Amino acid sequence: MDIQALAQSVQNGERRGLARAITLVESARADHRVKAAELLEKLAQDGKQALRIGLSGTPGVGKSTFIESFGMSLIAKGLRVAVLAVDPSSTRSGGSILGDKTRMDRLSREAAAFIRPSPSQTHLGGVARRSREAVAVCEAAGFDVVLIETVGVGQSETVVAQMADLFVLLLAPAGGDELQGVKRGIMEMADLILINKADGDLKAAATRTMADYAGALRLLRKRAQDPSDFPKALAVSALEENGLDQAWNEMNALIEWRRDNGFFEYTRAEQARFWFEEDVRQSLLARLSQAGALRDAMDDLGSAVARGDVTSAFAAQQMQELLRK
């Protein structure tokens, strides 16, 4: 594989090259990891940046419908949009449906859009293991906005906040009260809360839910990276395409404030450090699954725990001793 040619193809915005590059960075093969690191190093030299927006929400809240409507409105403004949609992988078969693209029929036909479904591969946190590297590839391809759609697992889905400039949480009408809104976890990470499906019979319920969450957000501890009026709660309708322009304006206002006050670059630097440390952790864990003395020791201690000969805590301590040698 000619990495220089592949990098040039991505930088030229060629869709086939972009798809091949993302496939490469998502691969877990050792030789592919070496080539992926080389590719990312070459692409980073360009210094292109896109606005990274992470989108989370419970299943059925309308994330795919919102992304299609929102993406179409951004394209109408002259922007290029990439969508990285993460699908849950089966813990039994390991497979994923990867059907998000079929839900975005209009957006998938747009020349200014690129949609890439990826399996989560049972990685916790709602995103795929290599989603951040896929974002970097999309940035190098010249996209203005990269939307990262998480699998939709609920309160613990906060890893996407470590790879996005903005974290948007989508909620359904009548999905909770003020107490639900002040729960720690995903609520503390959100920069903007959008109550979707504010149309038809649900419009009144969406307005009430928005008021509940707006009140709840005022009770949360203020974050240094937010102006005084953020985070916010807004009501939108992806189906009728209402409130999308207001949501985009609020996103731009927040990003501009963070740029002006030095939080934008600081956050990106801290995210880069986080993913460096995460890669080191995963590399250390990978050593335990490779053939050799450590793998054999892991199997022996696992069997001893299963038989009840030793406790899991004691066996874990023994493995730590072996790793220190």
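In what follows, the structure referred to is the one given above.
This part takes up the overall build of the protein chain. Helices and strands together make up the secondary structure of the protein chain, namely 14 helices and 7 strands. Across the 325 residues that make up the protein chain, the buried fraction comes to 46%. Pairs at least 24 apart in sequence give 76% of the contacts found in the protein chain among residues at least 6 apart. Surface accessibility of the protein chain: about 16300 Å² in total, with carbon and sulfur atoms responsible for 52%.

In this section: helix H10 (residues 203-217). For H10, spanning 15 residues, the distance from its first C-alpha to its last is 21 Å, which sits close to the expected 21 Å at 1.5 Å a residue. Buried residues of H10: Ala 205, Ala 206, Thr 209, Tyr 213, Gly 215, Ala 216 and Leu 217, and no others.

Turning to its location among the elements, Phe 143 is positioned in the loop between helix H7 (131-140) and strand S4 (145-149). On a C-alpha basis, the gap between Phe 143 and Leu 79 in space is 7.7 Å, while along the polypeptide they are 64 residues apart. With near-sequence residues (within four places) excluded, Phe 143 lies in contact with Leu 18, Gln 49, Ala 50, Arg 80, Val 81, Ala 82, Ala 112, Ala 113, Phe 114 and Cys 138.

Judged by pairing direction, the sheet is parallel, and its 7 strands sit side by side in the order S3-S2-S4-S1-S5-S6-S7 without closing on themselves. The open sheet is flanked by strand S3 (113-119) and strand S7 (232-235), the only strands paired with a single partner. If you compare each strand with its neighbour and ignore which way they point, the axes differ by 20 degrees on average. Relative to S7, strand S6 (residues 192-195) runs parallel, the two sharing 4 bridges. Pairing of Ile 193 across the sheet is with Ala 233, part of S7.

As a further point, take unusual backbone geometry. Cis rather than trans, the peptide bond between Phe 230 and Pro 231 has omega equal to -5 degrees. Inspection of the secondary structure puts Pro 231 in the loop between H10 and S7.

Let's shift gears to the pattern of salt bridges. Applying the stated criterion across every chain, the model contains 20 salt bridges. Between Arg 258 and Asp 191 there is a salt bridge, with the nearest N and O atoms lying 2.7 Å from each other. Taken as a pair, Arg 258 in helix H11 (residues 244-260) and Asp 191 in the loop between helix H9 (186-189) and S6 lie far apart in primary sequence, 67 residues in all. Of the residues examined, Arg 258 reaches a relative accessible area of 6% and is grouped as buried.

Glancing now at the packing of helix H2 (residues 15-26) against H7. Remark: H2 packs on H7, axes separated minimally by 9 Å, with the N-to-C direction vectors making an angle of 155 degrees. With respect to their mutual orientation, H2 and H7 come out roughly antiparallel. The two elements H2 and H7 cross, and the hand of that crossing is right-handed. Residue-level inspection shows Leu 18, Ala 21, Ile 22 and Val 25 of H2 in contact with H7, the latter providing Glu 133, Ala 134, Val 137 and Cys 138. Class assignment for the residues of the contact of H2 with H7 results in 7 nonpolar, no polar and 1 charged.

Approximately 530 Å³ is the volume attributed to the largest pocket. As for the largest pocket, its lining consists of 21 residues, and the residues nearest its centre are Leu 40, Ala 44, Arg 132, Glu 133 and Ala 136. Counting only elements with at least two residues in the lining of the largest pocket, the list comes to helix H3 (30-44), H7 and helix H12 (263-289). Of the residues belonging to the lining of the largest pocket, the class tally is 9 nonpolar, 2 polar and 10 charged.

Along strand S2 (residues 81-87), 7 of the 7 residues are buried, which leaves the element largely enclosed by surrounding structure. Neither face of S2 is exposed, since Val 81, Val 83, Ala 85 and Asp 87 on one face and Ala 82, Leu 84 and Val 86 on the opposite face are all buried. In terms of strand pairing, S2 meets S3 through 7 bridges, oriented parallel. Bridge pairing in S3 places Val 86 opposite Ser 118. Relative to S4, S2 runs parallel, the two sharing 5 bridges.

This next bit is on a nonpolar patch on the surface. A surface patch of nonpolar side chains, about 300 Å² in accessible area, is lined by Phe 276, Val 280 and Leu 284. Positionally, Leu 284 belongs in helix H12.

Reading guide: rules and limits
- Residues numbered from 1 in each chain as written.
- Predicted model: local features only at pLDDT ≥ 70, side-chain atom pairs only at ≥ 80, totals over all residues.
- Heavy atoms only, no water.
- Helix = DSSP H or I, 4+ residues; strand = E, 2+ residues; numbered from the N terminus.
- Buried < 20%, exposed > 50% of the residue type's maximum accessible area, 1.4 Å probe, protein only.
- Contact = heavy atoms within 4.5 Å.
- Areas by Shrake-Rupley, 256 points an atom, 1.4 Å probe, with all protein chains shown as cover.
- Expected span 1.5 Å × (residues − 1).
- Pairing = 2+ DSSP bridges.
- Axes fitted to C-alpha atoms, helices over the stretch in contact; angles between N-to-C directions.
- Salt bridge = Lys/Arg side-chain N within 4 Å of Asp/Glu carboxyl O.
- Parallel < 35°, antiparallel > 145°, perpendicular 65-115°, else oblique.
- Left-handed = near helix turned anticlockwise from the far one by under 90°.
- Nonpolar A, V, L, I, M, F, W, Y, C, P; charged D, E, K, R; others polar.
- 1 Å grid on protein atoms, 1.4 Å probe; cavity = no way out; pocket = protein on both sides within 12 Å on 5 of 7 lines; lining within 4 Å.
- Points joined across faces, edges and corners; volume = space filled by probe spheres on them.
- Patch = residues over 30% accessible without salt bridge, like charges linked within 9 Å, V, L, I, M, F, W, Y side chains within 5 Å.

Purely geometric numbers; function is a separate question.
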